[in-house]
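Single-letter residue listing:
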Amino acid sequence: MTAPAQTDYFGLTIPFMSFIGLVPESIAPAFARTTLPWRQDLTNSRGDIHGGTLMSVLDFTLSAAARGSADATEGMATIDMNTTFLSPGTGDLVIEARCLRRGASIAFCEGDIRRADGELVARATATFKIIRRRPGGD
């Protein structure tokens, strides 16, 4: 049995994002956009996309906005993330994130999840530690 092809997540391979079906749409300096097609196996007992799934796609999309490009050589480690859920995640979802400030070692981001009709589903803020890879290091 052959493994399914991995999706390119703005220059990264992230098996968990492939598993849940997150679709990378666009990345630019201080901005990233992804989409999450609705699937029944991502839902809670009410048929809405599970809150843990919503937090996971926010975490990735916010960190992508902090990276700012598919060519970025840094990784991001989440230090803190605060998510507010405002309405049920029904149907296909759009996730947009912005990097508000990026310093030498820390990035501050915010982002939203919206339904196809524009209704705000969740809003998050996050702080990331910028991880620079060293030759011969990690």
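Look up a bit, the structure's there.
Note that the structure is a prediction, hence the values are computed from the model and not measured.

K.L.:
Where do I start with the pattern of salt bridges in this structure?
P.N.:
Where charged atoms of side chains with opposite charge meet at close range, the side chains can pair. One pass over the full model with this rule turns up eight salt bridges. Here Glu 110 makes a salt bridge to Arg 98, at a shortest N to O gap of 3.4 Å. Residue Glu 110 is located in strand β7 (residues 106-115), and its partner Arg 98 is located in strand β6 (residues 93-102); the two are separated by twelve residues in the primary sequence. You can call Glu 110 partly exposed: its relative accessible area is 27%. We note a salt bridge from Arg 123 to Asp 112, for which the minimum N-O separation is 2.6 Å. Placement of Arg 123 in strand β8 (residues 120-132) and of Asp 112 in strand β7 is noted, with a sequence separation of eleven residues between them. With a relative accessible area of 10%, Asp 112 lands in the buried category. Connected through salt bridges with shared partners, the residues Arg 98, Glu 110, Asp 112 and Arg 123 form a single ionic network.

K.L.:
It is not clear to me how the nonpolar core should be interpreted in this structure. Could you clarify?
P.N.:
In this structure, Leu 22, Leu 36, Leu 62 and Ile 113 are the most contacted members of the largest nonpolar core, which totals 31 residues. When contributions to this core are tallied by element, the ones reaching two or more residues are α1 (15-20), β4 (31-36), α2 (51-67), β6, β7 and β8. With eight residues, the top contributor of residues to this core is α2. For Leu 22, the residues in contact, after removing those within four places along its chain, are Tyr 9, Met 17, Thr 34, Thr 35, Leu 36, Val 57, Phe 60, Thr 61 and Ile 95.

K.L.:
Explain the sheet that holds strand β5 (residues 74-85) here, please?
P.N.:
On the basis of which strands lie adjacent, the open sheet formed by six strands has the order β3-β4-β6-β7-β8-β5 and antiparallel pairing. Unpaired on one side and paired on the other, β3 (23-28) and β5 mark the two borders of the sheet. Geometrically, the sheet is characterised by an average inter-axis angle of 20 degrees between neighbouring strands, direction not taken into account. Two strands pair when backbone bridges link them, and β7 and β8 are joined in this way by nine bridges, in the antiparallel orientation. By the bridge assignment, Phe 108 is partnered in β8 with Thr 127. The sheet strands contacting α2 are β3, β4, β5, β6, β7 and β8, and the helix crosses β5 at an angle near 135 degrees.

K.L.:
How do you make sense of α2 when you look at a structure like this?
P.N.:
Helix length check: α2 (17 residues) gives 24 Å between terminal C-alpha atoms against 24 Å at 1.5 Å per residue, within 8%. Within α2, twelve of the 17 residues are buried, which leaves the element mostly enclosed by the surrounding structure. For α2, the complete set of buried residues consists of Thr 53, Leu 54, Val 57, Leu 58, Phe 60, Thr 61, Leu 62, Ser 63, Ala 64, Ala 65, Ala 66 and Arg 67. Where α2 terminates, the next one or two residues include Gly 68, which has phi positive at roughly 85 degrees.

K.L.:
What is the right way to look at the side chain of Asp 48 in this model?
P.N.:
Here Asp 48 is to be found in the loop between β4 and α2. Not counting residues within four places of it along the chain, the set of residues in contact with Asp 48 comprises Leu 42, Thr 43, Pro 88, Gly 89 and Thr 90.

Procedures and definitions
Residues numbered from 1 in each chain as written. Predicted model: local features only at pLDDT ≥ 70, side-chain atom pairs only at ≥ 80, totals over all residues. Heavy atoms only, no water. Salt bridge = Lys/Arg side-chain N within 4 Å of Asp/Glu carboxyl O. Helix = DSSP H or I, 4+ residues; strand = E, 2+ residues; numbered from the N terminus. Buried < 20%, exposed > 50% of the residue type's maximum accessible area, 1.4 Å probe, protein only. Core = buried A, V, L, I, M, F, W, Y, C linked by side-chain atoms within 4.5 Å. Contact = heavy atoms within 4.5 Å. Pairing = 2+ DSSP bridges. Axes fitted to C-alpha atoms, helices over the stretch in contact; angles between N-to-C directions. Expected span 1.5 Å × (residues − 1).

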